[in-house]
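# Analysis of the macromolecular model
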Amino acid sequence: MHALDDGISRWRRVADAIRADIASGVIAQQLPPEVELAERHGVNRHTVRRAIAALSTEGLLRAERGRGTFVNAQPPRVIYPIGERVRFRENMMKQSIEPSGRLIGAERVAADARQAAQLNVAVGAPLHRLERLAVVDGMPMSRSTSLFSAERFPDIISAYAETGSITQALQKSGVSDYRRRETRITAERVSPNDAELLQCASDAIVLISNAVDVDMEGKPVQSVRTRFLADRFELSFKPEGD
């Protein structure tokens, strides 16, 4: 049996398909019968039941005895603009959402070849790595790993711990403003560690943003890798000036 055809992969694919149908409105209120779902996805009813159980654990579905399985009303996704100016707090406040940032880890590391190229430092140069959790209205929404040159920003960790804001921490470090140079987006299943921090299902999908920010003179300020929960965020891309 091919690895992609094992039982675990099958129920996850069914769960992903049901999740997508709910998000698109194809399934609005009540799930079709198990027999119909099994036929539609080419699996047996046991596989369908496992997919439904996983989605129920996530809170997406609920079973009503004698009536069937229904879709729970979901809070709307938070819209997060991706452009030249990416500011978490500012973006949330514009949507009347109260955000907060939490420092969950910090350490000094040596730059590898990729990190050195992104931050324009030598391979092996000291970097400060900050692990942060973004919380919106009390719910964990994303996890970020930021890297800064330890030589240029020796106090960035304490500045962030004090302010809870990368923008304000950079201002304390002498960078009055900065912009996004590039952003690359991929998607994958959440890691076990991130699933625990983000309080989500173990097979949830995260959108991964790998980005580099520069100051107004074009000098690299930080490289940042952010994992957004796909069912809680909608990333919005607009041409600058719109």
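A quick note: this is a predicted structure, and the numbers were derived from the prediction, not measured.

### Some details on the overall build of the protein chain
- Secondary structure assignment for the protein chain yields eight helices and ten strands.
- Of all 242 residues assigned to the protein chain, the portion counted as buried reaches 42%.
- Across the protein chain, every contact between residues at least 6 apart in sequence was considered, and the portion connecting residues at least 24 apart equals 56%.
- Counting every atom, the protein chain has about 13,100 Å² of accessible surface; 49% of that belongs to carbon and sulfur.

### Some details on helix α6 (residues 156-163)
- Listed as buried for α6 are I156, A159, Y160 and T163. Buried residues of α6 fall within an arc of 95 degrees about the axis and therefore sit on the same side. Opposite the packed face of α6, turned more than 90 degrees from it, sit the exposed residues A161 and E162.

### Here we look at the packing of aromatic side chains
- For the coordinates displayed, the defined rule picks out one aromatic pair.
- When the centroid spacing of 6.1 Å and the interplanar angle of 80 degrees are considered together, the rings of F148 and F153 count as edge-to-face.
- By relative accessible area, which is 1% here, F153 ends up buried.

### A look at the side chain of R232
- Tracing the backbone shows R232 in the loop between β9 (220-229) and β10 (233-237).
- Polar side-chain contacts of R232 include one of 2.4 Å to the backbone oxygen of P140.
- At 3.1 Å, the side chain of R232 forms a polar contact with the backbone oxygen of Q199.
- In this structure, R232 is in contact with R77, V78, M139, P140, M141, L198, Q199 and C200, ignoring residues within four places of it in sequence.

### What to know about the nonpolar core
- Core analysis: the largest hydrophobic core is formed by 16 residues, its most contacted members being I18, I22, L31 and L61.
- Contributions of two or more residues to this core are made by α1 (7-24), α2 (34-41) and α3 (45-58).
- When residues no more than four places from it in sequence are discounted, the contact partners of L61 are I22, L31, I52, L55, S56, T69, F70, V71 and N72.
- Counting residues in hydrophobic clusters, the runner-up holds twelve residues, among them F148, A159, L170 and Y178.

### Let's talk about the packing of α2 against α3
- For the pair α2 and α3, interaxial distance at closest approach is 9 Å and the crossing angle is 105 degrees. Here α2 lies roughly perpendicular to α3, going by the angle between them. For the pair α2 and α3, the contacting residues are E34, V35, L37 and A38 in the first and R45, V48, R49 and I52 in the second.
- Class assignment of the residues belonging to the contact of α2 with α3 gives a composition of five nonpolar, no polar and three charged.

### Describing the pairing of strand β1 (residues 61-64)
- Strand direction decides the pairing type here: β1 and strand β2 (residues 68-71), joined by four bridges, are antiparallel. Considered in β2, the bridge of E64 is made with G68.
- Between β1 and the antiparallel strand that follows it, β2, lie three residues; G66 among them carries a positive phi value of about 80 degrees.

### Considerations on the pattern of salt bridges
- Within the structure shown, the criterion is met by 18 salt bridges.
- With its nearest N and O atoms 3.8 Å apart, the salt bridge here joins D21 to R40. Of this pair, D21 sits in helix α1 while R40 sits in helix α2; the two residues are 19 residues apart in sequence, bridging distant segments of the chain.
- For R40, a relative accessible area of 42% corresponds to the partly exposed category.
- Two residues, E36 and R40, come together in a salt bridge whose shortest N-O distance is 3.0 Å.

### With respect to the environment of E36
- Among the secondary structure elements, E36 is positioned in helix α2.
- Taking relative accessible area as the criterion, E36 reaches 40% and is therefore assigned partly exposed.
- Note: C-alpha distance between E36 and V48 (twelve residues apart in sequence) is 9.8 Å.

### A short note on the confidence of the model for the protein chain
- In the predicted model, the protein chain carries a mean pLDDT of 84, and the fraction of residues at 70 or more is 88%.
- No element of the protein chain has a lower mean pLDDT than helix α4 (residues 88-94), which averages 59, and none a higher one than helix α5 (residues 113-119), which averages 97.

Criteria and thresholds
Residues numbered from 1 in each chain as written. Predicted model: local features only at pLDDT ≥ 70, side-chain atom pairs only at ≥ 80, totals over all residues. Heavy atoms only, no water. Helix = DSSP H or I, 4+ residues; strand = E, 2+ residues; numbered from the N terminus. Buried < 20%, exposed > 50% of the residue type's maximum accessible area, 1.4 Å probe, protein only. Contact = heavy atoms within 4.5 Å. Areas by Shrake-Rupley, 256 points an atom, 1.4 Å probe, with all protein chains shown as cover. Arc of directions from axis to C-beta. Phe/Tyr/Trp six-rings, centres within 6.5 Å; stacked < 30°, edge-to-face > 60°. Polar contact = N/O pair within 3.5 Å; in protein donor to acceptor, adjacent residues only side chain to side chain. Core = buried A, V, L, I, M, F, W, Y, C linked by side-chain atoms within 4.5 Å. Axes fitted to C-alpha atoms, helices over the stretch in contact; angles between N-to-C directions. Parallel < 35°, antiparallel > 145°, perpendicular 65-115°, else oblique. Nonpolar A, V, L, I, M, F, W, Y, C, P; charged D, E, K, R; others polar. Pairing = 2+ DSSP bridges. Salt bridge = Lys/Arg side-chain N within 4 Å of Asp/Glu carboxyl O. pLDDT = per-residue confidence, 0-100.

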